[in-house]
Amino acid sequence: MASGASYDERIANYIQAAEELKRGNFGISIPASPADDVGRLGQALQELARTLELRYRELQNLNRLTSHINSGLLLEEILLQVYNDFRDFIPYDRVGFALLEDEGRTLRSHWAKTEYPAIYLGQDYSGEMAESSLQKILNSGKPRILNDLEKYFIQKPQSDSTRLILKEGIQSSLTCPLIANSVPVGFIFFSSLEKNTYVDQHIEIYQQIAGQLSVIVEKGRLVSELAQQKEKVEQQYQEVRRLMETQNSFMGIAAHDLRSPIASIQSVTDLLMTAEIKLQPDEKSEFLNDIRVQTRHMLGLLNDLLDVTRIEAGKLDLILISREMSDLLEETVRRNARLAAKKSTRVILEPVPPGTVLADPTRIRQVLDNLISNAVKYSPRASLVRVRALQEEKCWRVEIEDQGPGITDHDRKRIFQDFARLSARPTDGEKSTGLGLSISRRVIAAHGGEIGVDSPSKSGEGATFWFTLPTTSEGLQGCSND
Ligand SMILES: Nc1ncnc2c1ncn2[C@@H]1O[C@H](COP(=O)(O)OP(=O)(O)OP(=O)(O)O)[C@@H](O)[C@H]1O
Ligand SMILES: [Mg+2]
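Residues numbered from 1 in each chain as written. Chains lettered and ligands numbered in written order. Predicted model: local features only at pLDDT ≥ 70, side-chain atom pairs only at ≥ 80, totals over all residues. Heavy atoms only, no water.

S.K.: Help me understand the sheet that holds strand β2 (residues 106-114), please; the structure alone is not making it clear to me.
M.R.: Backbone hydrogen bonds hold the strands of a sheet together, and the pairing may be parallel or antiparallel. With antiparallel pairing, the six strands of this open sheet are ordered in space as β3-β2-β1-β6-β5-β4. In this open sheet, the two strands that pair with only one neighbour each are β3 (126-128) and β4 (144-146). Taken pair by pair, the neighbouring strands of this sheet meet at an average axis angle of 20°, ignoring direction. Sheet topology note: the strand β1 (residues 94-101)/β2 ladder contains eight bridges and is antiparallel. Pairing of V95 across the sheet is with K113, part of β2. (Pairing = 2+ DSSP bridges. Helix = DSSP H or I, 4+ residues; strand = E, 2+ residues; numbered from the N terminus. Axes fitted to C-alpha atoms, helices over the stretch in contact; angles between N-to-C directions.)

S.K.: It is not clear to me how the nonpolar core should be interpreted in this structure. Could you clarify?
M.R.: Taken as a class, soluble globular proteins show a tendency for nonpolar side chains to be buried jointly. I400, F465 and F467 are the most contacted members of the largest nonpolar core, which has 51 residues in total. Of the residues forming this core, the biggest block, seven residues, is contributed by helix α10 (residues 361-377). Here this core gathers at least three residues from each of two domains, domain 3 (242-312) and domain 4 (321-477). Sequence-distant contacts of I400, that is, excluding residues within four places in its chain, are made with L368, L371, I372, A375, V385, R386, V387, A463, T464, F465 and F467. Formed by 32 residues, the second largest nonpolar core is a distinct cluster that contains V82, V185, I188 and I203. (Core = buried A, V, L, I, M, F, W, Y, C linked by side-chain atoms within 4.5 Å. Buried < 20%, exposed > 50% of the residue type's maximum accessible area, 1.4 Å probe, protein only. Domains from an automatic or database assignment. Contact = heavy atoms within 4.5 Å.)

S.K.: Quick question: what am I supposed to make of the site of ligand 1 here?
M.R.: Inspection of the region around ligand 1 gives 19 residues, with N374, Y378, S432, G434 and L437 positioned closest. In this structure, T433 approaches ligand 1 through a main-chain N or O atom, which is 2.9 Å from an oxygen atom. In the environment of ligand 1, an oxygen atom lies 2.9 Å from a nitrogen or oxygen atom belonging to the backbone of G436. Within the complex, 95% of the 590 Å² of free accessible area of ligand 1 lies under protein. If you list the elements that add at least two residues to the shell around ligand 1, you get α10 and α12 (436-446). Per-element tally for the shell around ligand 1: the top contributor is α10, with three residues. (Near = heavy atom within 4 Å. Polar contact = N/O pair within 3.5 Å; in protein donor to acceptor, adjacent residues only side chain to side chain. Areas by Shrake-Rupley, 256 points an atom, 1.4 Å probe, with all protein chains shown as cover.)

This is the structure in structure tokens:
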């Protein structure tokens, strides 16, 4: 503008410059001479242009920052962006983040990051909000600067969080409230190892994006919560599916296993009821015995199925009684030896050391019955089955050794699963459902014991099934070998 310009021309130029500024064109030159009253107006306009430009750039940067932070979806991602991006605006050696819980009554630290491992504040710090200085920050909505934490602690020696961060070497802090749509969410803490790090300008910068940042953080929290819930629902769904699949396969196998005895009972009763066929008394009793055997088998199968479903549903109530181990074993071995005699197989019990076992006798008898009857069932006629009990530190170890085919490596992986009817087949036409060992596994686990099988990989060399049981209630915590 020429220095000889008239008063009106100079004013018109300033009006035009103001219009340019309004349009965001900050780079214009505004003459401030001659230094009369009008010139001073020009000078003020030029300073305004510089301030506006600075503010504009700052805002642009902050916008970029918030949109960058907003690109994170989960809370952890968003907080990491805050940690990485805020450095250009606010200085810090650590950023911490705490969430309000319990409808704003409690504050729990949730996340913190620093390059200095020594000043990492544990994730589990939590404190009451009532009457705390943090509550005042939330009420005012304005960040707080503490530029000399040592001095602050002398004034507020009851502040636990200050004691902790001082111990980690932090000297000054900027505490920023997060308030999303008028609802307090939590805090972001900027901390520095130096005194006097923070100035009012940092507060101003923070406040320009506080609202946006709070909403982003709250969004992240909700998304994270949803992700967690989704994972939980997914797990529950898988569990329900697993149970349904088990139930379906149970139904299928049970239906299959029940069909043949029912069909045979039906044909025998048809025969007995047909008036024209005159049966001899011994024929009649043979048929009736057939019905008895079949119904006993069906009842056994149904009881086994009920056991499995009851145990799966967590409804196996053990009645624990402390008993001499020898009593429990002698009675069971005697009963099974009588049954095995039909197959000319001998079942012997090796001398049992004195001592008690804490167990549900009915359930342990069920396990022993299955293991001993298996040893007889899958071994050739005229075999020998040995039962022995060894006392270890807190546990008993009971072993049942047979002279049968043993367990192949392939079968070993499946042997304790439901309906595992494997390569070994009964040697004398006995029934086999494939539930005995899976029930035994569950019963022994409920006692805090373990069950397993040792068998040489060479076929025909027999198998030794074993289980452990606690001697006292201490052992109930677990009877593993450690
Ligand atoms: N002592 C053993 N020697 C060789 N194979 C065995 C022995 N015990 C069990 N098995 C194999 O493991 C499978 C599962 O045994 P489990 O006791 O669970 O069922 P099961 O004896 O077939 O029927 P039940 O439900 O009447 O006990 C058997 O079908 C058999 O193939
Ligand atoms: Mg069995």
